[in-house]
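Here is what each chain is made of, one letter per residue.
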Amino acid sequence: MRLSSRPALRPSPLWLAVLATPLFIGQAMAAPEVYLHVDGKPVAEALTLDKGTVTLTHRLDKGSHQIRISDAGNSCGTSFGPTEARPLPFGTAQPMDKCSKGTDFNLRVMLAGDYEFTFNPDTPSLKVLRATKKSEFKRQPPEEPCISWDGGPVTTSLKGVWPDGTRLRDAYSGQEAVVKGGKITLTPSKESGGLLLLEPVKAAKPAPFSWDQASVYFLLTDRFHNGDPANDHSFGRQKDGQDEVATWHGGDFKGLTEKLDYIKQLGINAIWITPMVEQVHGFIGGGEQGNFPFYAYHGYWALDFTKIDPNYGDEESLKTLVDEAHKRGMRIILDVVMNHAGYATLADLQDLGLTDLTQNTGKLPSRWNEWRPSGGLNWHGYNQFIDYQSSHWDKWWGPDWVRAGLPGYPQPGTDDVTGSVAGLPDFLTESTRSVGLPPLLAAKKDTRAKALPNATVTDYLIAWHTDWVRRFGIDGFRADTVKHLEPAVWARLKQAGTDALKEWKAANPGKALDDLPFYMVGEVWDHGVAKDFWYQHGFDSLINFDYQREFALPQAQCMAGAEPTYASYASRINQDPEFNVLSYISSHDTKLFFGDYQDVALQRRVANSFMLLPGGIQIYYGDESGRGLAKDGGVFDQSVRSDMNWQELASGEKAELVKHWQRLGQFRAAHPAIAAGSHKKISDVPYGFVREKGEDKVVVVFAGRQK
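Residues numbered from 1 in each chain as written. Predicted model: local features only at pLDDT ≥ 70, side-chain atom pairs only at ≥ 80, totals over all residues. Heavy atoms only, no water.

### Some remarks on the overall build of the protein chain
A count of helical and extended segments in the protein chain gives 14 helices and 35 strands. Rg of the C-alpha trace for the protein chain: 28 Å, near the compact-globule value of 27 Å for 707 residues, within the 12% margin. When the backbone C-alpha atoms are referred to their principal axes, the protein chain occupies close to 95 × 75 × 45 Å. Expressed as a percentage of the 707 residues in the protein chain, the buried residues total 56%. Considering only contacts in the protein chain between residues 6 or more positions apart, those separated by 24 or more positions represent 70%. Of the accessible surface of the protein chain, which amounts to about 28400 Å², a share of 51% is contributed by carbon and sulfur atoms. A gap of 4 Å separates the mean positions of the 76 positive and 86 negative side-chain charges of the protein chain. (Helix = DSSP H or I, 4+ residues; strand = E, 2+ residues; numbered from the N terminus. Rg over C-alpha atoms; globule rule 2.2 N^0.38 Å. Buried < 20%, exposed > 50% of the residue type's maximum accessible area, 1.4 Å probe, protein only. Contact = heavy atoms within 4.5 Å. Areas by Shrake-Rupley, 256 points an atom, 1.4 Å probe, with all protein chains shown as cover. Lys, Arg positive; Asp, Glu negative; His and termini not counted. Charge placed at Lys NZ, Arg CZ, Asp CG, Glu CD.)

### Remarks on the packing of helix α12 (residues 600-610) against helix α13 (residues 653-670)
Contact geometry of α12 with α13 gives a least axis separation of 10 Å together with a crossing angle of 5°. With respect to α13, the element α12 is oriented roughly parallel. Taking contact as the criterion, the partners of Val600, Gln603, Arg604, Val606, Ala607, Asn608 and Phe610 in α12 are, on α13, Glu653, Lys654, Glu656, Leu657, His660, Trp661 and Leu664. Of the residues assigned to the contact of α12 with α13, the class counts are 7 nonpolar, 3 polar and 4 charged. (Axes fitted to C-alpha atoms, helices over the stretch in contact; angles between N-to-C directions. Parallel < 35°, antiparallel > 145°, perpendicular 65-115°, else oblique. Nonpolar A, V, L, I, M, F, W, Y, C, P; charged D, E, K, R; others polar.)

### Some details on the sheet that holds strand β15 (residues 176-178)
With respect to topology, 6 strands assemble into an open sheet ordered β15-β14-β17-β34-β33-β32, the strand pairing being antiparallel. Two strands close off the open sheet at either side, each with one partner strand: β15 and β32 (678-683). Adjacent strand axes in the sheet meet at a mean angle of 25° when their direction is disregarded. Two elements, β32 and strand β33 (residues 687-693), share 5 bridges in a ladder whose sense is antiparallel. Bridge assignment links Ser678 to a residue of β33, and that residue is Glu692. Sitting on the sheet, helix α10 (residues 563-574) touches β32 and β33, and the angle it makes with β32 is about 150°. (Pairing = 2+ DSSP bridges.)

### With respect to the state of the cysteines
Counted under the stated rule, the structure contains 2 disulfides. Each sulfur of the disulfide joining Cys76 and Cys99 lies 1.8 Å from the other. On the sign convention where negative is left-handed, the bridge of Cys76 and Cys99, at about -120° about the S-S bond, is left-handed. One end of the pair, Cys76, is in the loop between β5 (63-70) and β6 (79-80); the other, Cys99, is in the loop between β8 (94-95) and β9 (105-109), and 23 residues separate them in sequence. (Disulfide = S-S within 2.5 Å.)

### Description of helix α7 (residues 457-472)
In a regular helix each residue adds 1.5 Å, so 16 residues correspond to 22 Å; α7 covers 24 Å between its end C-alpha atoms and thus fits that length. The sharpest bend along α7 comes to roughly 25°, located at Thr466. For α7, every residue scored as buried is listed here: Val457, Thr458, Tyr460, Leu461, Ile462, Trp464, His465, Thr466, Trp468, Val469 and Phe472. Just downstream of α7, Gly473 is the residue with a positive phi angle, here 80°. (Expected span 1.5 Å × (residues − 1). Bend = angle between axes of the 7 residues up to and from the residue.)

### A word on the nonpolar core
Ranked by internal contacts, the top residues of the largest apolar core, which has 163 residues, are Tyr217, Ile263, Trp396, Trp490 and Trp661. The element that contributes the greatest number of residues to this core is α7, accounting for 8 residues. In this structure, Val38, Phe90, Val109 and Tyr115 belong to the second largest nonpolar core, which totals 25 residues. (Core = buried A, V, L, I, M, F, W, Y, C linked by side-chain atoms within 4.5 Å.)

### Side note on the environment of Leu126
Position of Leu126 relative to the elements: it lies in strand β11 (residues 125-130). Leu126 sits in the buried class, given a relative accessible area of 0%. Among residues more than four places away in sequence, those in contact with Leu126 are Ile67, Ile69, Leu88, Thr92, Ala93, Gln94, Met96, Phe105, Phe117, Thr118 and Phe119.

### Topic: the pairing of β9
Alternating residues of β9 divide into Phe105, Leu107 and Val109, all buried, and Asn106 and Arg108, none buried. Inspection of the sheet shows β5 paired to β9 by 5 bridges, in the antiparallel sense. Looking across to β9, one finds that Ser64 is bridged to Arg108. In this sheet, β9 lies alongside strand β7 (residues 86-87) in parallel orientation, the contact comprising 2 bridges. When the bridges of β9 are listed, Arg86 appears paired with Phe105.

### Regarding the sheet that holds strand β27 (residues 476-479)
Taken together, 8 strands build a closed barrel; the order of strands is β18-β19-β24-β27-β28-β29-β30-β31 and the barrel is parallel. Ignoring strand direction, the axes of neighbouring strands in this sheet form an average angle of 25°. In this sheet, strand β28 (residues 519-522) lies alongside β27 in parallel orientation, the contact comprising 4 bridges. Pairing of Phe477 across the sheet is with Met520, part of β28.

### Some details on unusual backbone geometry
Cis geometry is found at the peptide bond from Thr123 to Pro124, where omega equals -20°. When you line up the elements, Pro124 lands in the loop between β10 (113-120) and β11. Pro686 follows Val685 through a cis peptide bond whose omega is -5°. Mapped onto the elements of the fold, Pro686 is located in the loop between β32 and β33. Located in the positive-phi region is Asp39, a residue other than glycine, with phi close to 55°. Position of Asp39 among the secondary structure elements: in the loop between β1 (33-38) and β2 (41-42). For Asp39, a relative accessible area of 41% translates into the label partly exposed.

Shown next, in the form of structure tokens:
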């Protein structure tokens, strides 16, 4: 363990009885000292057992860890662990045995980071949660060797790139200079991190937009900006009054529309919004221990695919959002879910009149979304009011529509296509049977869903999703859980989306940005930069998991180390007009780049290497502003879905960080060569390269890490 990650101890004064042993009867005894042990090694400062409950923080890597608290000799009486080896859940204090010599708790960590351990020697018990407060010692990223820069002028050879006499501008600082003797000399702005972004003063004719140069801003609508507080509690949705880990926070279309100029200033040309359709009305229990109410604020638990969830807004506010984005030259990519619907919640059963599926409802408040656990129950306790053995579940989605572990329904399979993702009802997209509307929608008074003749489940899902394109001019889809559906389904969705967008453009010639076809990017979990069969089934691009996992951090530490990635991506992606990827450094399912180190300087450096990457890029809201982690309640991905940190952007280092990302984003937006051009290294020290596409040509110089 590095010294920088030693925990900060915060004891609270509680009394602990002195151990009564013959040796110490009649005399004062020093309190025993114990340590937090991780994987058999002490990792914390000594804890004295007369100080009561203490909370300490320790860094844990992803994986399984053995946890105990004991003295150096693992002595009986001061060796705290489980009576028998068992998991240590998040968020719930676990009883401990004082004489546990050979057994440890097993803690499974899904996301590397700092974790808080709360130890109460009186009980005794141990509780663990992901830490969200800053540790006393700041964690440091690993060292990466790099070329160095003294902060002075930098001379770069441009022989064969531009002729002598060419006047160039550094797009970052605005400085200009003329090529002389095949070279140019300029001093990088200190704020740039040693970068020169060289472009001809006489700019080339602007190139038309292409999806090959996509710069996508991805946001969770609910967590971005609240433009209309009046819609914050649709369907009686409640706050929990605690950490609000997975309640609705209020972000909506009006709020997003208010921030379009902010997004545009980042050089963005497309906005990816999470699914907007009507979600399940209520909550489930969050985490294994039911620590919090978990609502569908994220958009992936659909109830009615034909309606906008009122927490996000209405059709008019969607129309305004799309139109205003288009006026600014930005496309809208809608996240779509074809694989599954949402869980059955108490509020849905009440609102849809499906009371035959409930029990013991006399113990519920009049508005079922207002139920709170009591009497030793946690948030999973809502399940006691749902009769999962009822013979009336055919009134819900129905066995012709989904697989579910319910009476009369087909059971989920064990492969990617027929399995159930996170226990969610899995659509029978492979079925060739003609079906009517699912019963819950057939009875739902405000749905737009209509029965379709001779239609399969897949026919309905495609019709519902592409109706948004046909009516509002949605420019593309981000497809969720791609590998969990048959490839042919995606090909059909792409064709239907293409037809729908063509119809919208024909009906709205004054609003159409161009005549480009419908765009579709897919989430194939763990996919990298590889052109495989998915590209033959409707996808223009796939999300690239490799960049975040392997390259983002070392290349942020030293941009010169990005050369193999730049060369490889430009060669593999930009020489094939039917291949692209969408690379990222942060996402709603994996991690926040800023979350690991909370280092603004590092966040500036990662912008340098990431924003100059060939191929498409996806900025996750707050990458540009150093948005921090939220409390996760023991569910690791909730920490990366914090509210946008607008309050930090009025001034200071976070405001300057945004300006840095803006300069790089605008440079990328002005030059298609960066994303879609050829790449050639022109020097090692300083590290420099040229990108070129058609008439567009730029040179980027990295002077090195400043001494």
